[in-house]
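# Coordinate analysis (summary)
Each chain, written out:
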Number of protein chains: 2
Amino acid sequence: MINESPLQSVKSNIVVEFDNESQAKIIYESILLEFETAPDYRSSMNLELKDSKIIINIDAEDSTSFRASVNSAIKWIKLSLEINDLTI
Amino acid sequence: MINESPLQSVKSNIVVEFDNESQAKIIYESILLEFETAPDYRSSMNLELKDSKIIINIDAEDSTSFRASVNSAIKWIKLSLEINDLTI
């Protein structure tokens with residue numbers, strides 16, 4: 001039986017850089033709602049917009065919930081990039 | 001056709017905290033080789049050990065290679081946690 005993991009937390013800030021500020025703003029606004037409504041059982045995520053960068057801060061209790069949060073965050077960004085590209 | 005993505009780069013530092021320094025050192029040494037030999041087509045990863053923390057720095061050209069790197073890094077840590085737990 002695998003006992004209690006010695007891993008205490010996994011924290012990360014992810015800096016996603018775009019070509020320009022307006023592009024970052026479009027993506028930021030289209031994913032903000034996802035972040036605010038995402039169920040965060042064992043991890044918390046928050047989003048910042050800074051010039052042409054979106055900064056995602058993730059704080060997770062374990063590696064599994066960290067991985068799930070990162071994959072969701074990147075999926076939302078990718079999806080909104082594709083949606084925005086189709087509508088430009 | 002989806003044109004050139006306006007996403008320039010995805011950078012992150014991931015801080016994995018353990019119960020104590022010796023646990024962090026065991027895991028660090030067991031995953032270091034994976035990091036040094038990992039093929040890094042569109043992303044670079046490096047690893048640091050600081051007290052009871054392992055810091056993973058990832059610099060990727062796009063979200064897909066970033067996601068692949070994060071998933072590999074977390075998988076190696078999880079695997080070595082499980083291996084070390086079985087042998088303690």
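For the structure given in this document, a descriptive report is provided here. These numbers were taken from a predicted model, which means no experiment stands behind them.

## What about the side chain of Ser9 of chain A?
Mapping Ser9 of chain A onto the fold places it in strand S1 (residues 7–18). Classification of Ser9 of chain A by relative accessible area gives buried; the value is 10%. Apart from the residues lying within four places of it in its own chain, the contact partners of Ser9 of chain A are Ala60 and Glu61 of chain A together with Val15, Val16 and Glu17 of chain B.

## Quick look at the packing of aromatic side chains
All names here are of chain B. Within this structure, the stated rule accounts for two aromatic pairs over all chains. With a centroid separation of 5.1 Å and an interplanar angle of 70°, the aromatic rings of Phe35 and Trp76 are classed as edge-to-face. Taken together, the residues span a long stretch of sequence, with Phe35 in helix H1 (residues 21–37) and Trp76 in helix H2 (residues 63–87) at a distance of 41 residues.

## Thoughts on the pairing of strand S2 (residues 43–50) of chain B
Residue and element names in this part refer to chain B. Note: S2 against strand S3 (residues 53–60), eight bridges, orientation antiparallel. Bridging from a neighbouring strand, Ser44 pairs with Asp59 of S3. Hairpin connection from S2 to S3: two residues lie between these consecutive antiparallel strands, with Asp51 at a positive phi of about 55°.

## Description of the relation of the copies chain A and chain B
With an RMSD of 0.0 Å, the operation that places chain A on chain B is a rotation of 180° combined with a shift of 0.0 Å along the axis. Taken together, the rotation and translation relating the two chain copies correspond to the operation of a two-fold axis. A share of 100% of the interface residues of chain A reappears at the interface of chain B, consistent with the copies meeting face to face through the same patch.

## Some details on the pattern of salt bridges
All names here are of chain A. Counted by the stated rule, this structure contains four salt bridges over all chains. A salt bridge links Glu29 to Lys25; the nearest nitrogen and oxygen atoms lie 2.7 Å apart. A residue pair is termed a helical-turn pair when its members lie 3 or 4 positions apart in one helix, as Glu29 and Lys25 do in helix H1 (residues 21–37) at four residues. Lys25 sits in the partly exposed class, given a relative accessible area of 43%. The shortest N-O distance in the salt bridge between Asp62 and Arg42 comes to 2.6 Å. One end of the pair, Asp62, is in the loop between strand S3 (53–60) and helix H2 (63–87); the other, Arg42, is in the loop between H1 and strand S2 (43–50), with 20 residues separating them in the sequence. By relative accessible area, Asp62 is classed as partly exposed at 21%.

So, how was this worked out
- Residues numbered from 1 in each chain as written.
- Chains lettered and ligands numbered in written order.
- Predicted model: local features only at pLDDT ≥ 70, side-chain atom pairs only at ≥ 80, totals over all residues.
- Heavy atoms only, no water.
- Helix = DSSP H or I, 4+ residues; strand = E, 2+ residues; numbered from the N terminus.
- Buried < 20%, exposed > 50% of the residue type's maximum accessible area, 1.4 Å probe, protein only.
- Contact = heavy atoms within 4.5 Å.
- Phe/Tyr/Trp six-rings, centres within 6.5 Å; stacked < 30°, edge-to-face > 60°.
- Pairing = 2+ DSSP bridges.
- Least-squares fit on C-alpha atoms with pLDDT ≥ 70 in both.
- Salt bridge = Lys/Arg side-chain N within 4 Å of Asp/Glu carboxyl O.

Worth remembering: the numbers are spatial, not functional.
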